[in-house]
Amino acid sequence: MADDDHIGAVLARLSREQKLALVRGATDPEGTATGYISGVEAAGIPPFRLVDGPLGIRAEGQCATAFPASIATAATFDPDLARRQGAAMGREAVALGQDALLAPGVNIIRVPHCGRNFEYLSEDPVHAGVVGAGLIDGIQSADVVATVKHFVANNQETHRTTVSAEVDERTLRELYLPPFRAAVDAGVGSVMTAYNRVNGTHMSDHERLVGDVLKGEWGFDGYVVSDWYGLESTVGAANAGMDLEMPGVAAPGAAEAADSDTADGDEGFEWPDGIPDATRAGLFGDPLADAIDGGEVPAGRLDDMVRRILGQMDRFERLDSNRTAAEAGESSDALAGELDSQRHRDIAADAAARGTVLLDNDGVLPLDDGADVAVIGPNIDEPKLGGGGSSETTPVHSVTPLDGIDSRAEGAVSSAFGVPRIDSVSLFDLLPFVGEDDEADGAAGDTADREPSLDDAVTAAENADVAVVFVRDATTEARDRESLALPGQQDELVSAVAAANENTVVVIRSGGPVELPWREDVAAVLEQWYPGQADGDAVAAVLYGDRDPSGRLPVTFAPESEYPTAGSDRRYPGVDDEVHYDEGVFVGYRHFDDADVDPTYPFGHGHSYATFEYGEAETTGEQAVAVPVENVADRPGREVVQAYVRPPSAAVADRPERELAGFEAVQLDAGERQTVELTLDDLAFSRYDTDSGWTVDTGTYTVEIGRSSRDIRTTATVDR
Ligand code: BGC
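Residues numbered from 1 in each chain as written. Predicted model: local features only at pLDDT ≥ 70, side-chain atom pairs only at ≥ 80, totals over all residues. Heavy atoms only, no water.

**Observations concerning the confidence of the model for the protein**
Interpretation of this model should avoid reading the predicted coordinates in detail wherever pLDDT is low. Keep this limit in mind: As a per-residue measure, pLDDT reflects the predictor's confidence and takes values from 0 up to 100. In DSSP terms, a helix is any run of H or I states spanning at least four residues, a strand is any run of E spanning at least two, and both are numbered starting from the N terminus. Note on contacts: a residue pair qualifies if any of its non-hydrogen atoms lie within 4.5 Å across the two residues.
With 95% of its residues at a pLDDT of 70 or more, the protein shows a mean pLDDT of 94. Across the protein, the element-wise mean pLDDT spans from 75 in helix 10 (residues 254–264) up to 99 in strand 9 (residues 223–225). Between residues 438–444, whose pLDDT stays under 50, and residues either more than four places distant or in other chains, the model counts 13 contacts.

Pasting the structure below:
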C-alpha cells in the first residue's frame, strides 16, 4: 500500500476526539520528553516524544553527550562532521526513548548580542543552510524527526514573545528564509515556528509565511509545531497552517505563580520578558473543535494536521503497523550503549577541536610539549558546556580546561583563578514557576573554597614559560547580552597576565563575538565557543598542535559600535515592540563590506598551524570552480577554501559586494597539493525582486576564492 493510502486508512479509523488528541501535546507519563503526543493506542498510534535540543539530548533527568555549541559546529565549516554529530544525537535520542529532536536552530545571526547565537549557525544563509542540512541529515539518518527552528526572524531574545520583526520581502527571501528552505530541501520532518511576530503577525498565525511560503511554495509536507506556549490563537493558527500545539498543557505551578503574584501586587502579574505565558495551553483542544463546528476552521484542516504528523511517524517507523512497541523498546535498548559511548565522545571532541578558531598567533602556538604552563582564569575548573535554556545538557563525562592541559602537558602546570568566577545564567532561573530546588544547576560551581587573587595569577604567569588565560561570557535563551565586553574583571585579568608574561595565550569561550581590548598585547588568541563536554581535551589538543585549529569564523568580530544594529533602538532592541530591519540584507560581512569598515576579525577568518598557497582558480562549469591549494608548511593542516561571488557591476546598486557561494575543507599533508572543487550556490548569484521574484542579472560574475571574506587569494569569472 502506498504511504498515503496507509496514512489515509489510519486516519479513517480515528474519531474526531482522537484526531484532536494528536494535534495537541499532553503530559508525558515518563516525564522525560520536552513535548509529548499521547497517541491513540486503539488505532495503533503509539505515544510520540519530542525532546530538546541542538547541543545534545535534554531528556529530563537523563545524561547525554554534551556536544559543542551549534556555532562551534558551524565554525568547523564541515557538513560531514555536522552529519556525524546529528547522527550521534539521533542515536542518543532513540536510546532515551525519544522520537523527534528539537534541533537544529538556523536563525541568522543578525544581532551580536542575541542570547541564543550559540544555538545558531551563521550570519550567512548559505553557510547556515549547508551546516543545518548536514545536522538534519544526520539526525534523520538515525530515524528521528529533526525540527528546524525558529521559523522565522527570531533574531533576538529581548521581547521575543511579542516583538515584531519589520522586515522587507527581499531581505526575508535573501537572508532569513534560505536556511529554512535548505532544511526543507534536506527533507526535514518538522518546522518549529518562532515566538515573535513578523511584519505585525505572530509567526504561529502567519498564513503567508507558514501556509503559502513554507507549505505552498516550498512544498513542505511534514508538520509545523509551535514553540512552547507559542501558539497565539486557535482559528488564526489552524488556518495559517500550524499542525501541532506544544506543549499543549500548562506548566505545573504556572497558574499558581501567576495567581499568587497577582494577589500580591496591584498591577497584576506579568510574565518576565522572554518567558511565554506558560498557562496558555489547549488552544488546539476544545476551542479547535468548536471552531470546526462553527465553520471557522475547515474540518479538512484537522485531517491535514493529523496526516502530516502521522506521515512523519510512519516515515520514521513509529507507527505500530511498521514497528511493535516491543521492537521500539528493543531499538532503544540496543542503542543504550551509545549514551556516552567512545564513538560519541570522539565526535564531541572532534567537533570541539575542529570548531576552535585561531584568531591570532605570533608563533607561540603550538606549545612545546615541555613548556611550563600557567593555566589562569576564573572558571578553569569547570567545563563550558553551553549557554542557558532549552539546549542545556548534562553529560556523563566532561573535562575541565585545567585537567585537559594537565594531562597533556609534559612541563610543569600551575594554576590561578585570578578574579571572581563568572556565573552561568539560565532561562530556568527566570521561570516564575520553577522552585529554588528544581532550578537547573547553572554550573555556577562552588565559590566557597576560593579566594581569587590577581597577584596569584600574575605570579603564576611570571613563573611559567607560557600563560594560558581562559575567559568566558555568560549567555542564555530569553536574554540578550547587554554588551559585547567580557563580564566581570576578566579584561583586567588578561591585561595583568599579559604584562607579566609575553607568551600569553587567551582562550575565549563565548556564544558569539566579544570585544578583546587587550588583543595587541597577547601572543595568541583562540575562540573556542562553548566546547561542550570535551572542553579541556579539545583545547589541549589544539594548544599543543595535536590538532590543527581549523575552525573559521561564522560571524564577524568587530567593536560593538560598528555592527549594523548599533546606535539605533529602532533596529535593536526595537521601539514600541517593533524592530526594524532597516539594514536590509546588509548584515554581518555584507554590512562591513558595504560600510567599508575593517572588522577586528572578518567572517571566514581563522589561522592554521600550516601555511597554504593558492594557485589560479579556474571556472569548471556554470556554477563550479576549481583551485589548486598547496600546504607549504612542514606540518599537516586543514584549510577551508571559501568562494564568494561578486555581482556583475554596480548596475544594481544595492547588492552586497560579495556573498558566500560555497566552501570546501581540505586536509593536506606537509608539501601536499590538491585541486579543490567548489560548487557555487545559486543564492549568491540571485537577488529577489519584489515584482518579478528571483532574478539573476545577466553579466560577468567574479568568483573570489580565499581564506576569508577579507583574504581573497585568486579569482575566476562566471558568465550568467
Ligand atoms: C525554545 C525552543 C525549545 C522549547 C522547548 C522554547 O523556550 O524557544 O527552542 O525547543 O522551548 O524546550
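What follows picks up the thread again.
**Focus on helix 15 (residues 401–408)**
Keep this limit in mind: Exposure is judged per residue with a 1.4 Å probe applied to protein chains only, and the accessible area is read against the type maximum: over 50% gives exposed, under 20% gives buried, and values in between give partly exposed. Arc, as used here, means the arc of the directions from the helix axis to the C-beta atoms.
Taken together, the buried positions of helix 15 are Pro401, Leu402, Gly404 and Ile405. Along helix 15, the residues classed as buried sweep out an arc of 165° about the axis, all on the same side. For helix 15, the secondary structure elements touched by its buried residues are strand 11 (373–376), strand 12 (413–416), strand 13 (466–472), strand 14 (504–509) and helix 18 (535–543).

**Things to note about the pattern of salt bridges**
Where charged atoms of side chains with opposite charge meet at close range, the side chains can pair. Rules: Only one rule defines a salt bridge in this text: a Lys or Arg side-chain nitrogen within 4 Å of an Asp or Glu carboxyl oxygen.
Following the criterion strictly, the structure yields 60 salt bridges and no others. The partner of Glu639 in a salt bridge is Arg552, and the shortest N-O contact between them spans 2.9 Å. A residue pair is termed long-range when its members are at least 10 positions apart, and Glu639 in strand 20 (residues 637–646) and Arg552 in the loop between helix 18 and strand 16 (578–580) qualify at 87 residues. Take Glu639: its relative accessible area is 0%, and that puts it in the buried class. Across the pair Glu704 and Arg658 runs a salt bridge, and its minimum N-O distance is 2.6 Å. Placement of Glu704 in strand 25 (residues 700–708) and of Arg658 in the loop between strand 20 and strand 21 (659–668) is noted, with a sequence separation of 46 residues between them. For the pair shown, Glu704 and Arg658 are each scored as buried.

**Points about the environment of Thr476**
So the rule is basically this: Between N or O atoms, a polar contact is any pair within 3.5 Å; within protein, one atom must be a potential hydrogen donor and the other a potential acceptor, and residues adjacent in sequence are included only when both atoms are from side chains.
Structurally, Thr476 is set in the loop between strand 13 and helix 17 (490–500). With a relative accessible area of 2%, Thr476 lands in the buried category. Between the C-alpha atom of Thr476 and that of Arg91, which follows or precedes it by 385 residues, the distance is 26 Å. Those residues in contact with Thr476, other than ones at most four positions away along the chain, are Gly115, Gly388, Gly389, Val425, Ser426 and Leu427. At 2.9 Å, the side chain of Thr476 forms a polar contact with the backbone nitrogen of Leu427.

**Description of the nonpolar core**
For clarity, the cut-off: Take the buried Ala, Val, Leu, Ile, Met, Phe, Trp, Tyr and Cys residues and link them wherever side-chain atoms come within 4.5 Å; each set so joined is a nonpolar core.
By size, the foremost hydrophobic cluster in this structure holds 113 residues, and its most contacted members are Ile45, Leu50, Phe151, Val152, Leu288 and Leu310. Ignoring sequence-local partners within four residues, the contact set of Leu288 consists of Leu20, Val23, Thr234, Ala238, Leu283, Val297, Leu302 and Met305. Grouped together as the second largest cluster of nonpolar side chains are 39 residues, Ala374, Trp518, Val522 and Phe557 included.

**What about the site of the ligand?**
In plain terms, the rule: Near residues are defined by distance, with any heavy atom within 4 Å of the molecule or strand qualifying the residue. Here the accessible surface of atoms and residues is derived via Shrake-Rupley with a 1.4 Å probe, and residues count as covered only by protein chains that are part of the display. The classification used treats Ala, Val, Leu, Ile, Met, Phe, Trp, Tyr, Cys and Pro as nonpolar, Asp, Glu, Lys and Arg as charged, and all other residues, Gly among them, as polar.
The full set close to the ligand counts 14 residues, and Asp52, Arg116, His150, Asp227 and Glu477 are the nearest of them. With respect to the ligand, the side chain of Arg116 contributes an N or O atom lying 2.8 Å from an oxygen atom. For the ligand, an oxygen atom lies 2.5 Å from a polar atom in the side chain of Glu477. Protein contact buries 94% of the 310 Å² of open area that the ligand shows by itself. Classifying every residue of the shell around the ligand gives four nonpolar, three polar and seven charged.

**Focus on the packing of aromatic side chains**
The line we're drawing: For Phe, Tyr and Trp, rings pair up if their centres lie within 6.5 Å, where Trp contributes its six-membered ring, and each pair is then called stacked (planes under 30 degrees apart), edge-to-face (over 60) or tilted (otherwise). Geometrically, a charge over a ring is one whose NZ (Lys) or CZ (Arg) sits within 6 Å of the ring centre while staying within 35 degrees of the ring normal.
Under the criterion given, the structure shown has 15 aromatic pairs. Both rings, one in Tyr176 and one in Tyr581, keep their centres 5.2 Å apart while their planes meet at 70°; by these two values the pair is edge-to-face. A residue pair is termed long-range when its members are at least 10 positions apart, and Tyr176 in helix 6 (residues 169–176) and Tyr581 in the loop between strand 16 and helix 19 (589–594) qualify at 405 residues. Neither Tyr176 nor Tyr581 differs from the other in exposure class; each is buried. With a centroid separation of 5.5 Å and an interplanar angle of 90°, the aromatic rings of Tyr563 and Phe592 are classed as edge-to-face. On the criterion of sequence distance, the pair formed by Tyr563 in the loop between helix 18 and strand 16 and Phe592 in helix 19 is long-range, its members being 29 residues apart. With respect to class, Tyr563 is no different from Phe592; both count as buried. The ring of Tyr581 carries Arg110 above its face, with NZ or CZ at 3.8 Å from the centroid. Note that Arg720 overlies the ring of Phe685, its terminal NZ or CZ placed 4.9 Å from the centroid.

**Concerning the sheet that holds strand 2 (residues 48–51)**
The strands making up a sheet associate through backbone hydrogen bonding, with each pair oriented either parallel or antiparallel. Operational definition: Two strands make a pair as long as DSSP finds a minimum of two bridges between them. Every angle, taken between N-to-C directions, lies between 0 and 180 degrees, and every axis is a line fitted to C-alpha atoms, over only the stretch in contact when it is a helix.
The mixed open sheet is built from six strands, whose spatial order is 1-2-3-4-6-9. Looking at which strands have only one partner, the edges of the open sheet turn out to be strand 1 (35–37) and strand 9. By the bridge criterion, two bridges tie strand 3 (residues 100–101) to strand 4 (residues 145–151) in an arrangement that is parallel. By the bridge assignment, Ala100 is partnered in strand 4 with Val145. Together, strand 3 and strand 4 form the strand contacts of helix 5 (residues 125–141), whose direction differs from that of strand 4 by roughly 145°.

**Observations concerning the sheet that holds strand 11**
Strand order in this open sheet of six strands is 10-15-14-13-11-12, and the pairing throughout is mixed. Looking at strand neighbours, the two that pair on one side only are strand 10 (357–361) and strand 12, the edges of this open sheet. For this sheet, the mean inter-axis angle between neighbouring strands, taken without regard to orientation, is 20°. Inspection of the sheet shows strand 11 paired to strand 12 by four bridges, in the parallel sense.

**Thoughts on empty space enclosed by the protein**
Rolled over the atoms, a probe with the dimensions of a water molecule shows which regions are left empty. Threshold: Two kinds of site are reported from a 1 Å grid over the protein atoms alone, namely cavities, where a 1.4 Å probe fits but cannot get out, and pockets, open sets with protein on both sides within 12 Å along at least five of seven lines, and residues are called lining when an atom falls within 4 Å of a point. Grid points are joined across faces, edges and corners, and a volume is the space filled by probe spheres set on the points.
All chains considered together, the criterion is met by two cavities of 30 Å³ or more. Roughly 50 Å³ of volume is contained in the largest cavity. Looking at the lining of the largest cavity residue by residue, the classes come out as six nonpolar, one polar and two charged. Empty space within the second largest cavity amounts to approximately 40 Å³. If you go around the second largest cavity, the residues you meet are Ala153, Asn154, Asn155, Gln156, Val163, Ala165, Asn196, Val579 and Tyr581. Tallied by class, the residues present in the lining of the second largest cavity amount to five nonpolar, four polar and no charged.

**Quick word on helix 7 (residues 178–185)**
Taken residue by residue, helix 7 has Pro178, Pro179, Phe180, Ala183 and Val184 as its buried positions. Of the surrounding elements, those touching the buried residues of helix 7 are helix 5, strand 4, helix 6 and helix 8 (207–217). Gly187 sits one or two positions beyond helix 7 and adopts a positive phi of about 85°.

**Some thoughts on the side chain of Asp340**
Along the polypeptide, Asp340 turns up in the loop between helix 13 (325–335) and helix 14 (342–354). Judged by its relative accessible area of 18%, Asp340 is buried. A polar contact of 3.0 Å, which involves the side chain of Asp340, links it to the side chain of Arg345. Those residues in contact with Asp340 that lie beyond four places of it in its chain are Thr65, Glu92, Arg345, Val396, His397 and Gln533.

**So, the pairing of strand 14**
Counting buried positions along strand 14 gives six out of six residues, so the element sits mostly inside the fold. Residues Thr504, Val506 and Ile508 point to one face of strand 14 and Val505, Val507 and Arg509 to the other, with burial holding for every one of them. Two strands pair when backbone bridges link them, and strand 13 and strand 14 are joined in this way by six bridges, in the parallel orientation. What sits directly across from Val469, in strand 14, is Val506.

**Topic: the packing of helix 4 (residues 79–95) against helix 14**
The packing of two helices is summarised by the inter-axis angle and the distance between the axes. Note the cut-off: By convention, the crossing between two helices is left-handed when the near helix turns anticlockwise from the far helix through less than a right angle, and right-handed when the turn is clockwise.
Orientation of helix 4 relative to helix 14, taken along the N-to-C sense of each, is 145°, at an axis distance of 10 Å. Seen along the crossing, helix 4 lies across helix 14 with a hand that is left-handed. Contacts between helix 4 and helix 14 involve Leu81, Arg84, Gln85, Ala88, Arg91 and Glu92 from the first element and Arg343, His344, Ile347, Asp350, Ala351 and Arg354 from the second. For the contact of helix 4 with helix 14, the residue count by class is four nonpolar, two polar and six charged.

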